Amino acid sequence: MHIAFAASECVPFSKTGGLADVVGALPRALAALGHQVSVYVPRYRQSKLSDPQTVVRSITIPFDDKYRFCSVVTAGTTAGVRLYFVDYPPYFDRDALYGSPAGDYPDNAERFALFSRAVLEASKILGVPHVFHCHDWQSALIPVMLRTLYAEDPAFREVATVFTIHNMGYQGLFPPDILPLLTLPWELLTISKMEFFGQVNFLKGALVLSDYVTTVSKKYSQEIQTTEYGFGLEGVLRNRAATVTGILNGVDYDEWSPQTDKFTVAKYSPQDLSGKLQCKKDLLNTFGIADANSKLPVIGIVSRFAAQKGFDLISQIMDRLAREEMILLVLGSGDKLYEEMFQRLHKQFPNKIAAKVAFDNAIAHKIEAGADMFLMPSRYEPCGLNQIYSLKYGTVPIVRATGGLDDTIEPWDARSGKGTGFKFTDYTGEALLATIKQALLAYQDPSSWQTLMRNGMARDFSWGASAREYGKVYDRARQARASADAATVTADLKKEPVLG
Ligand code: ADP
């Protein structure tokens, strides 16, 4: 089967979060199963291409004000996956992917509409897939365009669409007059399609018009059908619950393994954990606390700084946490609020907490390897990748039991020696503090702590199983599309006047 991915991020060319890891790895796993896979992403200033070749010189994108002309370049085929970049410098040759410190770029709707339409047009030249697999609001217009502007295009007659939600919190909301600018029909502005409290909601369009919807863990696929986690779209998802499913993200262990990590000073394995201590000392050095006693447990955080990630709970408990024997090391960037919060906490408790405000892959790896525990107190977490990386590095996760965090971490039980981490359910500082204390206490017993580390290291979240699940979803999406087509043909036949 030929599957074409369309997404706004892909490792190693562009990344702000987990979406990039998924789009970098899942296509390879699908190719390994024998599928033909193409990946379309925008060509950003950050996308470093070694030998780009233009494969489509000019695509016309009609907008209401004027036509725009973009091209498509390829970076060749890697691990069986063909990589295509939509090239339109006025939109993508910018400092960042989505916005400046002042906020989102004001033309994000146009940027990703152009991208989506370019993918459809390019595929007619480069190969129409059996399935378009689209991700998050930035490529949500692909299913919308296929069922509106391109509904009568014979090239796409049998093409199915699968849409994956990586985060319901980002929906792509724009004023209604964006529709005519993008040449999309006004009839999309109804409650049953894209209208959302007077605005146009790109994500909603894809949730309504895709043949199949997936999200990145089983638990999150249930949570987003509730008011607490659905961000106002829970009803849309409940309506189509039979074609919504959760498939856990996998991990690319070529990138994330303590035995081969390119960024760490020492390698280690479940059989020989000794290298982890060197990684820990290097990590403490990196954060400028070289004199610290490396016997103290180190808790690591690597995260986008966003309200979703639960940092308000840390702020609530920090004065009490600072009394414990531990060091908290934080790497993150994003919301100024949390950047300032962690810097303030560092000033207040200089020996207990240190923070780096940066997006730095090398330091992210050093934290995975050098920390003893990894903290993710998220308010919600569709899948979460860092807790899964942490398992492989013997860095014990402390997580809130939500979404993928709940699906991937089993609570440690010292008596049976089973489990991989520590979990709390109530979104309160008290629950978080109690759980961290539980972990710190468990750390005091080195032999059972090593059992806990090895339990996590033995877990396998490689992509193979999830890729096979996606294969089944593609089949179901194609069946759904075939039945929808048959229904349209029957309806059209009924409309034919009876002759004779
Ligand atoms: P999300 O997609 O919500 O940001 P995930 O846990 O799914 O969360 O994925 C986050 C990914 O981004 C991980 O690969 C993580 O290592 C990486 N990451 C997040 N923040 C940083 C940062 N400041 N520096 C380096 N990598 C980061």
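The rules behind the values
Residues numbered from 1 in each chain as written. Predicted model: local features only at pLDDT ≥ 70, side-chain atom pairs only at ≥ 80, totals over all residues. Heavy atoms only, no water. Salt bridge = Lys/Arg side-chain N within 4 Å of Asp/Glu carboxyl O. Helix = DSSP H or I, 4+ residues; strand = E, 2+ residues; numbered from the N terminus. Buried < 20%, exposed > 50% of the residue type's maximum accessible area, 1.4 Å probe, protein only. Domains from an automatic or database assignment. Contact = heavy atoms within 4.5 Å. Buried area = accessible area lost by both parts, 1.4 Å probe. Nonpolar A, V, L, I, M, F, W, Y, C, P; charged D, E, K, R; others polar. 1 Å grid on protein atoms, 1.4 Å probe; cavity = no way out; pocket = protein on both sides within 12 Å on 5 of 7 lines; lining within 4 Å. Points joined across faces, edges and corners; volume = space filled by probe spheres on them. Pairing = 2+ DSSP bridges. Axes fitted to C-alpha atoms, helices over the stretch in contact; angles between N-to-C directions. Arc of directions from axis to C-beta.

K.L.:
An account of the pattern of salt bridges is needed here, citing residue identities and associated values.
P.N.:
Inspection of the entire model under this criterion finds 22 salt bridges. Here Arg459 and Glu410 are joined by a salt bridge, their closest N and O atoms 2.6 Å apart. Taken as a pair, Arg459 in the loop between helix H16 (446–458) and helix H17 (463–495) and Glu410 in the loop between helix H14 (403–408) and strand E20 (422–424) lie far apart in primary sequence, 49 residues in all. Linking Lys472 and Glu469 is a salt bridge whose minimum nitrogen-to-oxygen distance equals 3.4 Å. Separated by 3 residues within a single helix, Lys472 and Glu469 lie in helix H17, roughly one turn from each other. Residue classification places Lys472 among the partly exposed residues on the basis of a relative accessible area of 43%. The class of Glu469 is partly exposed, set by a relative accessible area of 30%. Overlapping salt bridges bring together Arg147, Asp211, Arg481 and Asp485 as one network.

K.L.:
So, the environment of Pro350: which residues are in play, and what are the values?
P.N.:
As for its placement among the helices and strands, Pro350 is situated in the loop between helix H11 (336–348) and strand E17 (353–357). A relative accessible area of 39% means that Pro350 is categorised as partly exposed.

K.L.:
Outline the domain arrangement of the chain, supporting the account with residue identities and numerical values.
P.N.:
What the domain assignment lists for the chain is domain 1 (2–250 + 466–483) and domain 2 (275–457). For domain 1 and domain 2, the distance between their C-alpha centres works out to 33 Å. Tallying the contact residues gives 19 residues for domain 1 and 20 residues for domain 2. Three residues stand out in domain 1 for area buried against domain 2, namely Lys219, Tyr229 and Leu248, and they jointly supply 28% of the buried area on that side. Across the domain 1-domain 2 interface, the total number found is 1 salt bridge. Asp406 serves as the salt-bridge partner of Lys219, at 2.7 Å between the closest nitrogen and oxygen. At the level of secondary structure, the elements contributing two or more residues to the side of domain 1 that touches domain 2 comprise helix H1 (18–32) and helix H7 (218–223). Looking at the side of domain 1 that touches domain 2 element by element, the count peaks at 4 residues for H7. Among the residues making up the side of domain 1 that touches domain 2, the classes are represented as 6 nonpolar, 8 polar and 5 charged.

K.L.:
Pulling in residues and values, what's your account of empty space enclosed by the protein?
P.N.:
According to the stated counting rule, one finds 2 cavities of 30 Å³ or more in the structure shown. Approximately 50 Å³ is the volume attributed to the largest cavity. The wall of the largest cavity is formed by Ile301, Val302, Ser303, Lys309, Phe311, Phe374, Leu375, Met376, Pro377 and Ser378. Those elements that provide at least two residues to the lining of the largest cavity are strand E15 (298–305) and strand E18 (373–376). Grouping the amino acids of the lining of the largest cavity by side-chain chemistry returns 7 nonpolar, 2 polar and 1 charged. If you add up the space inside the second largest cavity, you get close to 30 Å³. Tallying contributions element by element places H1 first for the lining of the second largest cavity, with 3 residues.

K.L.:
Go over the side chain of Thr420 with me, naming the residues and quoting the values.
P.N.:
Within the secondary structure, Thr420 is located in the loop between H14 and E20. Residue Thr420 is classed as buried on the basis of its relative accessible area of 1%. Discounting residues that sit within four places of it in the chain, Thr420 has contacts with Leu391, Val396, Pro397, Thr408, Ile409, Glu410, Pro411, Trp412, Leu452, Asn455, Gly456 and Arg459.

K.L.:
Pulling in residues and values, what's your account of the sheet that holds strand E12 (residues 199–201)?
P.N.:
What the 3 strands build is an open sheet, ordered E10-E12-E11; its pairing is antiparallel. With partners counted over all chains shown, the strands left at the sheet margins are strand E10 (173–174) and strand E11 (195–196), one partner each. Of the strands in this sheet, E10, E11 and E12 are in contact with helix H6 (residues 202–209), which crosses E12 at around 50 degrees.

K.L.:
Would you mind going over helix H10 (residues 311–321) in detail, with residue names and values included?
P.N.:
For H10, the set of buried residues is Phe311, Leu313, Ile314, Ile317, Met318 and Leu321. Along the axis of H10, the buried residues cluster in a sector spanning 145 degrees; they form a single face.

K.L.:
Quick rundown of the sheet that holds strand E9 (residues 160–165)? Include the residues and the values.
P.N.:
Taken in spatial order, the 9 strands line up as E3-E4-E5-E2-E1-E8-E9-E13-E14 in an open sheet, and their pairing is mixed. For this open sheet the edge positions go to strand E3 (53–62) and strand E14 (244–246), each flanked by a neighbour on one side alone. Each neighbouring strand pair of the sheet contributes to a mean axis angle of 25 degrees, computed without reference to strand direction. Bridge count between strand E2 (residues 36–42) and strand E5 (residues 81–87): 6 bridges; the pairing is parallel. Counterpart to Tyr40 in the pairing with E5 is Tyr84. Those strands touched by helix H3 (residues 108–126) are strand E1 (2–6), E2, E3, strand E4 (67–78), E5 and strand E8 (131–135), and its axis lies near 120 degrees from that of E3.

K.L.:
Explain the side chain of Ser221 to me, using residue names and the numbers behind them.
P.N.:
Within the secondary structure, Ser221 sits in helix H7. On the accessibility criterion, Ser221 (8% relative accessible area) is buried. Dropping the residues within four chain positions of it, Ser221 is found in contact with Thr215, Thr245 and Gly246.

K.L.:
Outline the environment of Val144, listing residues and values.
P.N.:
Tracing the sequence through the fold places Val144 in helix H4 (residues 141–147). When near neighbours in sequence (up to four residues on either side) are disregarded, Val144 contacts Leu184, Leu188, Met194, Gly205, Ala206 and Leu209.

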